[in-house]
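Working through the structure, step by step
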Amino acid sequence: MINLAGRDIAHHLKSYLLTGLGLGLLIGVTLTMAGVYRGMVDDAKVLLRAVDADIWVVQQNTLGPFAEPSSVPDDLYRALLGLAGVAQAGNVAYLTMQVSHHGQSQRVMVAGYEQGKPGGPAFLMAGRPISRAHYEAVADVKTGFQVGDIVRIRRNDYTVIGLTRRMVSSGGDPMLFIPLKDAQAAQFLKDNDAIVEDRQRLAANPALNRPGQSGVLDAVQAIQTSSHKVNAVLLRLQPGFDARALADTIARWQRFTAYTRDDMEEILVAKLIATAAKQIGLFLVILAVVSAAIVAFIIYTMTLGKIKEIAVLKLIGTRDRTIAAMILQEALGLGVIGFFVGKFAATLWAPAFPKYVLLETGDAGRAFILTLIVCALASLLAIRAALKIDPAEAIGG
Amino acid sequence: MKPGTLKISPRTLTLALGALAFIAAFVWLLTTRGPLAPVGVEIVTVTQEDLDPGVYGIGTVEARHAYAVGPIQAGRLLRVQVDQGDRVRAGQLLAEMDPVDLRQRGEAAASAVARARQTALAAQAQVAEAESRARLAEANSARYQMLVNQKFIAQEMADSRHHEAAAANAALAAARASAAGAQRDIGRAEAELQGIDQVRDSLKLLSPIDGVVTAREAEPGTTVVAGQAVLRLVDPAALWVRARVDQARARGIAVGQAADIVLRSAPGVALPGKVARIELQSDAVTEERLVSVVFDPAPAQLYLGELAEVTIRQPGARGVLSVPRAALARVNSQTGVWQAVNGRARFRPVRIGLQSAERSQIVSGLDAGEKVIVYSAKQLDDDMRVREEQLGQP
């Protein structure tokens, strides 16, 4: 028995391939959209994975440090280190700011951390880790910085000494790691004009600048420029200790809010990017439905375009089963071609996106099965139409 | 089968080649860019190197000793002779306070001294008179006693003379005491005068050192309180950088170690320096140790309060096993390195020793010539597939 589908395809090879290609691009767009969604969720989690902290201690009753501002004293870690089960504690400070690079302003998330403590970049692509206590930076490659570049934050120049990759804030901004003390200073440092004006304002205040008490003004000015706050304290636990229990202890006795890694993931994914993720998720669903509909229509119209041929086949006594098999095989073939073209296209253009696009193998598998099911269902419609064709149409028309 | 079906038409050939090319491209894409691609890593060899670690801190240029010159009691500033930046010698008059009524008080004290001298003279004269009286009374008393012994007169008369003599002696003693008191009064009045002179001297603000004026904080006419600085001086030859060094890294610092000082005004120039003092009292809030580094030799011109970066050179090690610091990783609270074993990542715990900015000494866990992963394009995990490639810039 000859393969009718093969014959038919070979007959209209060009149009068949082009249809597959078009279908593939559509599937590619859908896959990319799924990748954008996955990438967004992954962006939210990537920092958590990188810092590898078991507990995040933040200001009481806040969702800090990303979803809400949080500020805790920078000597809190001493009290936390004394708790049973805590292996490491690290202060961190996060601030989002614009830095300029080659005259172009760029939005980055600056992360201050202490060397050798939780909070730093997990791996490097080039350069070396921060070794000085001040004015060195490790940048994500997406910032466009190179090792040896000078980046200005507030009033100090930082030397980029290392590069890392996939270190982004939950909003997808690339990160810039600097020593904690610099980050603390940068967070609260005003520009020079503001400082000078503030000094004059204070000096003009008779309550603070009394004759005969020259020390008061200096003290007030000093207290305004110093900062002993950080945004969160990260804890790593000794093996075998329960993070949940320790977080509860900290919340109860230290009067700070403590999140385990799961809590933090929940905050970042379910709270911080919830609306944006839902937006993209809904769009993805619509796109998938529309794609499925288009695939179905294409296959249906393709079949309808062959009415005459099918009528001839019927006329010469071809069995319905053979005709149905031909249509099903052609539809599935289109699906397979479309899927692979789509996957190819999505993989090809995914790295070009400004934000991370995560193409998961699981998603691809699901998309493949879904494509085949949609093709099969669409071919059912087409088969129904084909079987209804009157063989007489072969002669007429 | 008919032989005709085996004939390969050019079209089928093109089709087959196209399909093959597509599949090849697809597989290539999946394995190089897609999720199945191995993680690109850069690999280096463990080598023996010289390590020159340094400890880094920042501080400001400060004077070793700073002098605040001001009055010892509240008063109004009369004149200020020097301005900021002026070089002054030790003992030079810098400023003067308004003496107000001090001159008059001095004159009054001088009159008091003169009066005391006059009073003393008068007292001295009184002593002379009392002496004369006493002598006369003694002589009379002696004569009467003789007459009593010869029974010319009654004893009662002699007793009366005797009493007169005793009274005269007592009056003499009183006169002498009063004369001594008058002398003391001279001393008191003179001391008062001297005191006023000294107060007048203290109104002159003199330079305690050969140095430079760094601040002129009050102008003539200003009323300043006791202890408030009018002028600030430093010794320009004794300037140093008071640097703050993270306690976590301050262990090896010792007095005498060489250091490089980079001033903010000259970022590219490292000035030689030396650790001169490590303060016993650290900053407990910022967790930093305070280390003073002197310039060696001192540059011609320095500006106080300028930010300076200090790198204190630590004793290094020659020819020790080391890896780039970027190669070190922490997994499950263990420090170690990643290695590529048969295309898979493996974690290997190591013990590290000295660390310089670039490299880290390997105390144990690795041998010379072994290869370790230094850079990776992704966070590594055990058994992750890796492939050596040049990461560099993407």
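Just above sits the structure.
Just so we're clear, the structure is a prediction, and the values are computed from it rather than from any experiment.

The next thing to look at is the packing of helix H2 (residues 13-51) of chain A against helix H11 (residues 320-349) of chain A. All names here are of chain A. As a packed pair, H2 and H11 sit with axes 6 Å apart at the nearest point and diverge in direction by 50 degrees. In this view, H2 runs oblique relative to H11, as classed from their interaxial angle. By crossing handedness, the relation of H2 to H11 is classed as right-handed. Between H2 and H11, the residues in contact are Thr 19, Gly 20, Leu 21, Leu 23, Gly 24, Leu 25, Ile 27, Gly 28, Leu 31, Thr 32 and Gly 35 and Leu 334, Ile 337, Gly 338, Phe 339, Val 341, Gly 342, Lys 343, Ala 345 and Ala 346, respectively. For the contact of H2 with H11, the residue count by class is 11 nonpolar, eight polar and one charged.

We now examine the nonpolar core. Ranked by internal contacts, the top residues of the largest apolar core, which has 128 residues, are A:Ile55, A:Trp56, A:Val57, A:Ala137, A:Val233 and B:Ile373. Looking at this core, the element that brings in the most residues is H2(A), giving 13 residues. If near-sequence neighbours (up to four positions away) are discounted, A:Ala137 is found in contact with A:Val151, A:Tyr158, A:Thr159, A:Val160, A:Ile161, A:Leu176, A:Phe177 and A:Ile178. The next biggest cluster of nonpolar side chains, apart from the first, holds 18 residues, and it includes B:Val241, B:Ala243, B:Val275 and B:Val291.

Here the focus is the pairing of strand S9 (residues 175-179) of chain A. Residue and element names in this part refer to chain A. Of all five residues in S9, five are buried; the element is thus mostly enclosed. Bridging between strand S4 (residues 104-113) and S9 involves five bridges; their strand directions are parallel. By the bridge assignment for S9, Tyr 113 is matched with Pro 179. Taken together, the two bridges between strand S6 (residues 136-140) and S9 define a ladder with antiparallel strand orientation.

What follows is about the sheet that holds strand S22 (residues 359-364) of chain B. All names here are of chain B. Strand order in the open sheet formed by four strands is S2-S17-S22-S21, and the pairing between neighbours is antiparallel. Across the chains shown, the open sheet's two edge strands, defined by having one partner strand only, are strand S2 (47-51) and strand S21 (351-355). Taken pair by pair, the neighbouring strands of this sheet meet at an average axis angle of 60 degrees, ignoring direction. Bridge analysis of strand S17 (residues 317-324) against S22 gives three bridges, and the strand direction is antiparallel. The residue of S22 that forms the bridge with Val 323 is Ser 360.

Moving on to the packing of H2(A) against helix H12 (residues 361-387) of chain A. All names here are of chain A. Running from amino to carboxyl end, H2 crosses H12 at an angle of 145 degrees, the nearest separation of the two axes being 11 Å. H2 and H12 meet at a crossing whose hand is right-handed. Where H2 approaches H12, its residues Ile 27, Leu 31, Ala 34 and Arg 38 are matched on the opposing element by Asp 363, Ala 364, Ala 367 and Thr 371. Grouping the amino acids of the contact of H2 with H12 by side-chain chemistry returns five nonpolar, one polar and two charged.

The next point concerns the interface of chain A and chain B. Taken together, the contact pairs 32 residues of chain A with 30 residues of chain B. The biggest single contributor to the side of chain A that touches chain B is H11(A), with four residues. Split by residue class, the side of chain A that touches chain B holds 15 nonpolar, 10 polar and seven charged.

A few words now on unusual backbone geometry. A negative phi angle characterises most non-glycine residues, just as the trans form characterises most peptide bonds. A cis geometry characterises the amide bond from B:Asp296 onward to B:Pro297, with omega recorded as 0 degrees. Mapped onto the elements, B:Pro297 comes out in the loop between strand S15 (288-295) and strand S16 (307-313). The phi dihedral of A:Arg154 is positive, around 55 degrees, even though this residue is not glycine. Checked against the element boundaries, A:Arg154 lands in the loop between strand S7 (150-153) and strand S8 (156-164). For A:Arg166, which is not a glycine, the phi torsion comes out positive at approximately 60 degrees.

Parameters at a glance
- Residues numbered from 1 in each chain as written.
- Chains lettered and ligands numbered in written order.
- Predicted model: local features only at pLDDT ≥ 70, side-chain atom pairs only at ≥ 80, totals over all residues.
- Axes fitted to C-alpha atoms, helices over the stretch in contact; angles between N-to-C directions.
- Helix = DSSP H or I, 4+ residues; strand = E, 2+ residues; numbered from the N terminus.
- Parallel < 35°, antiparallel > 145°, perpendicular 65-115°, else oblique.
- Left-handed = near helix turned anticlockwise from the far one by under 90°.
- Contact = placed C-beta atoms within 7 Å.
- Nonpolar A, V, L, I, M, F, W, Y, C, P; charged D, E, K, R; others polar.
- Core = buried A, V, L, I, M, F, W, Y, C linked by C-beta atoms within 7 Å.
- Buried ≥ 20, exposed ≤ 12 C-beta atoms within 10 Å, placed from the backbone.
- Pairing = 2+ DSSP bridges.

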